[in-house]
Amino acid sequence: MAFKLLASFVSVLAALQVANGAATRKVTCAGGQVTANAACCALFPVLEDIQTNLFDGGECGEEVHESLRLTFHDAIGISPAIARTGKFGGGGADGSIAIFADIETNFHANNGVDEIIGEQAPFIARHNLTTADFIQFAGAIGVSNCPGAPRLNVFIGRKDAIKPAPDLTVPEPFDDVTKILARFEDAGKFTPAEVVALLASHTIAAADHVDPTIPGTPFDSTPELFDTQFFIETQLKGTLFPGNGSNQGEVMSPLRGELRLQSDAELARDARTACEWQSFVNNQAKLQSAFKAAFAKMTVLGQNTRELIDCSDVVPTPPAPASKAHFPAGLTHRDVEQACRQSPFPALSTDPGPATSVAPV
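Residues numbered from 1 in each chain as written. Predicted model: local features only at pLDDT ≥ 70, side-chain atom pairs only at ≥ 80, totals over all residues. Heavy atoms only, no water.

An unreviewed UniProt entry lists the protein under the name Peroxidase, from Trametes pubescens. Reading the Sequence similarities (unreviewed entry) entry of the UniProt record for the protein gives the comment "Belongs to the peroxidase family. Ligninase subfamily." (UniProt positions renumbered as here; feature names shortened; annotations may be inferred.)

There is a patch of like negative charges on the surface, built from Asp56, Glu59, Glu62, Asp114, Glu115 and Glu119. No other element matches helix H8 (residues 113-126), which puts three residues into the negative patch. Along the polypeptide, Glu62 turns up in helix H4 (residues 62-75). (Patch = residues over 30% accessible without salt bridge, like charges linked within 9 Å, V, L, I, M, F, W, Y side chains within 5 Å. Areas by Shrake-Rupley, 256 points an atom, 1.4 Å probe, with all protein chains shown as cover. Salt bridge = Lys/Arg side-chain N within 4 Å of Asp/Glu carboxyl O. Lys, Arg positive; Asp, Glu negative; His and termini not counted. Charge placed at Lys NZ, Arg CZ, Asp CG, Glu CD. Helix = DSSP H or I, 4+ residues; strand = E, 2+ residues; numbered from the N terminus.)

The positions UniProt marks with the feature "binding site: heme b" (unreviewed entry) are His202. As for its placement among the helices and strands, His202 is situated in the loop between helix H11 (192-198) and strand E4 (206-207). Under the relative-accessibility criterion, His202 is labelled buried at 14%. Those residues in contact with His202, other than ones at most four positions away along the chain, are Phe219, Phe230, Leu261 and Asp264. (Buried < 20%, exposed > 50% of the residue type's maximum accessible area, 1.4 Å probe, protein only. Contact = heavy atoms within 4.5 Å.)

So, about the environment of Ile232. Position of Ile232 relative to the elements: it lies in helix H12 (residues 229-233). Taking relative accessible area as the criterion, Ile232 reaches 0% and is therefore assigned buried. Distance in space between the C-alpha atoms of Ile232 and Gly216 is 20 Å, their sequence separation being 16 residues. With near-sequence residues (within four places) excluded, Ile232 lies in contact with Val281, Ala325, His326, Phe327, Phe345 and Leu348.

Moving on to the state of the cysteines. All told, the structure shown has four disulfides when counted by the stated rule. Each sulfur in the disulfide pair Cys60 and Cys146 lies 2.0 Å from the other. The disulfide joining Cys60 to Cys146 has a torsion of about 85 degrees about its S-S bond and is therefore right-handed. Taken together, the residues Cys60 in the loop between helix H3 (43-53) and H4 and Cys146 in the loop between helix H9 (131-143) and strand E3 (155-156) connect sequence positions 86 residues apart. Like Cys146, Cys60 is buried. The disulfide that involves Cys275 links it to Cys340, with 2.0 Å between the sulfurs. Judged by the torsion about the S-S bond (95 degrees), the Cys275/Cys340 disulfide is right-handed. With Cys275 in helix H14 (residues 274-279) and Cys340 in the segment after strand E8 (309-310), this pair connects stretches of sequence that are 65 residues apart. (Disulfide = S-S within 2.5 Å.)

The structure is reproduced here in structure tokens:
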């Protein structure tokens, strides 16, 4: 499945390389940086600014989590199915979520994105990038701060939105698996394997609004690391709620301080996605390559890829992985709810010490 996922992006990447010249000579920017295209020089001052002033000196923190979330909520706002009815189906990765924030932040699925939109606004105002490009660039740069993350692709040249995306294009955590897979297939012909790969973003994510009494609640025990723990812990038996009880889109979690989305729990156990989900459990290399390919496909939804410039060499190399796949302290293989019928759950060690409790971010 990993090879199929990677192959699905080949046509997009090939188009970008043809448009921009795969053998373009390297250029030296005014600041001394070297890149493949002179147009990419404009990104280095943006990079320095957001690393220092948005991401707190290059941390894998809350602003990174929220910036990555924003890349998805902007890009998934496209529906060829709606367009076929004669209505505007959205423009994908076109910045509409920020340009038309007064409209799109009122959509239920976009609850809370107004905060990162507000934080990014001054950076967009002082740099010569389209809003569409800035949102995707900031997400990719933010992820580069997280140990174990892949070095994501960055493209510039997107046209900004002239209309807001329609409501109901962003999946909700209470949607069932069939509805979620259909939404992704409509948006960009994403396969079930690519949907699972995109959800690797939850390894560095946290929830503020599913249970508003406990903002900053992570989805796994290592929210500062881009690792496979999210795919392990979503397959453990849920025993508690981290807050005051069940909320819409939430199911029981195996750890104190950890929140589990209903959609994640169901995708981890559905016959169409369970084996792909399990395949990430102790495979950091696959996690990196699959997410990199799926993100690259998502980040150009609705755009003419022949008009984009590949500036991926501007992205810093992320820190090396800083953890190995494991069961959190207090949990073992007996706590796994086995869902993949084709292969057994991998053997993992359990962390020593008292039962794991996850701190908010």
